[in-house]
Amino acid sequence: MTIANCIVRHFSNGGTGTGIIVGPSGGSPIKLAITDTASSDNRYDGIEVQPTGSGGVIGIIKGALIDNNSNHGLYIDGSHTTGQIALAVVDSVASNNSNDGFGFDAGNAGAGAAALFDHVTAIGNGTGLSITNFAVGSVRRSNITGNTAGVFIQIATQGVAQSSQDNLVTGNGTDFSYGSFAPISLK
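For every chain, the first residue of the written sequence is number 1, and numbering continues from 1 onward in sequence order. Under the rules for a predicted model, residues below a pLDDT of 70 receive no local features and side-chain atom pairs below 80 are neither given nor counted, while totals for whole chains, interfaces and linings still include all residues. Only hydrogens and water are set aside; all other atoms, that is, all heavy atoms of the structure, feed into the side-chain values.

K.L.:
Teacher, can you tell me more about the pairing of strand 12 (residues 100-105) here?
P.N.:
Walk down a regular strand and you will see the side chains alternate between the two sheet faces. Categorising residues by exposure relies on relative accessible area from a 1.4 Å probe, with only protein chains included: less than 20% of the type maximum marks a residue as buried, more than 50% marks it as exposed, and the intermediate range marks it as partly exposed. A run of H or I in DSSP becomes a helix once it reaches four residues, and a run of E becomes a strand once it reaches two; helices and strands are each numbered from the N terminus. Burial analysis of strand 12 places six of its six residues in the buried class, which makes it a mostly covered element. Sheet analysis places strand 9 (residues 74-77) next to strand 12, joined by four bridges and oriented parallel. Paired with Y75 across the two strands is G103, which belongs to strand 12. Two elements, strand 12 and strand 15 (residues 127-133), share five bridges in a ladder whose sense is parallel. The partner of F104 across the bridge, within strand 15, is I131. Here a strand pair is declared whenever DSSP counts at least two bridges between the two strands.

In structure tokens:
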């Protein structure tokens, strides 16, 4: 599935009010590419990745502007699947979203759920970046500033939220409202 050079706005009547929903329910993981796309001013999430059943998603979100949505900007939700989630979010901005700018809740995703946030900016959101449950989240070269809460991390024993320690997390109401990054070195 490829979405490129699009503007998705004002989804509010009927359905969920989410701009882009990626929700496969089974079979092989779908291959996802969202590039140079804006999703803004939606009644719920800007972009939601929520596979169900045994569905999975492998891919990239690059050059996205996710702005002014009433809930999350980008929300990756693995709580309804036993399938694989592997996403790279690169060169993207989440701003002025009421809840998380970038939210990653792996739930109990059986085959694992991993996301890389590389060179992303979260500004003016409820929480800039949230990584929870069994998630394997990696963050590098990113800016998280001007949010009510900068980073929220609540990881279960099999998950990890790791940073290459080249991020800027400052100027938020609370920079780390819960948890912290585990440092990793580049190889």
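Moving on from the coordinates now.
K.L.:
I'm lost on the sheet that holds strand 15 in this one. Help?
P.N.:
Backbone hydrogen bonds are what pair the strands of a sheet, in a parallel or an antiparallel way. The strand order across the open sheet built from seven strands is 3-6-9-12-15-18-21, with neighbouring strands paired in parallel fashion. Either end of the sheet is taken by a strand with one partner, and the two such strands are strand 3 (20-22) and strand 21 (174-178). Across this sheet, the average inter-strand angle for adjacent strands is 10°, counted without regard to direction. Note that strand 6 (residues 47-49) and strand 9 share three bridges and pair parallel. Pairing of E48 across the sheet is with Y75, part of strand 9. The convention used is that axes are lines fitted to C-alpha atoms, helices contributing only their stretch in contact, and that angles between N-to-C directions extend from 0 to 180 degrees.

K.L.:
Explain the sheet that holds strand 5 (residues 38-40) here, please?
P.N.:
As summarised here, the arrangement of the seven strands in space is 2-5-8-11-14-17-20, forming an open sheet in which the pairing is parallel. Looking at which strands have only one partner, the edges of the open sheet turn out to be strand 2 (7-9) and strand 20 (168-169). Bridging between strand 5 and strand 8 (residues 65-67) involves three bridges; their strand directions are parallel. Within the sheet, the bridge partner assigned to S39 lies in strand 8 and is I66.

K.L.:
Is there a simple way to explain the packing of aromatic side chains in this structure?
P.N.:
Note on aromatic pairs: each is described by the distance of the centres and the angle between the planes. Here a Phe, Tyr or Trp ring, Trp counted by its six-membered ring, pairs with any other such ring whose centre lies within 6.5 Å, and the pair is stacked when the planes are under 30 degrees apart, edge-to-face when over 60, and tilted otherwise. The full count for this structure, using the stated rule, is three aromatic pairs. Aromatic pair F176 and F181: ring centres 5.6 Å apart, planes at 90°, arrangement edge-to-face.

K.L.:
I would appreciate a short explanation of the nonpolar core in the present structure.
P.N.:
The tendency in soluble globular proteins is for nonpolar side chains to be buried as a group. The term nonpolar core refers to a set of buried residues drawn from Ala, Val, Leu, Ile, Met, Phe, Trp, Tyr and Cys, joined through side-chain atoms within 4.5 Å. Within the largest apolar cluster, 36 residues are counted, with the highest numbers of intra-cluster contacts made by L74, I76, F102, F104, F117 and L129. Setting aside residues no more than four positions away along its own chain, F117 makes contact with I76, V89, F102, F104, L129, S138, V139, R140 and S142. Contact criterion: two residues are considered in contact whenever any of their non-hydrogen atoms come within 4.5 Å of each other.

Remember, this is a structural readout, not a statement about activity or role.
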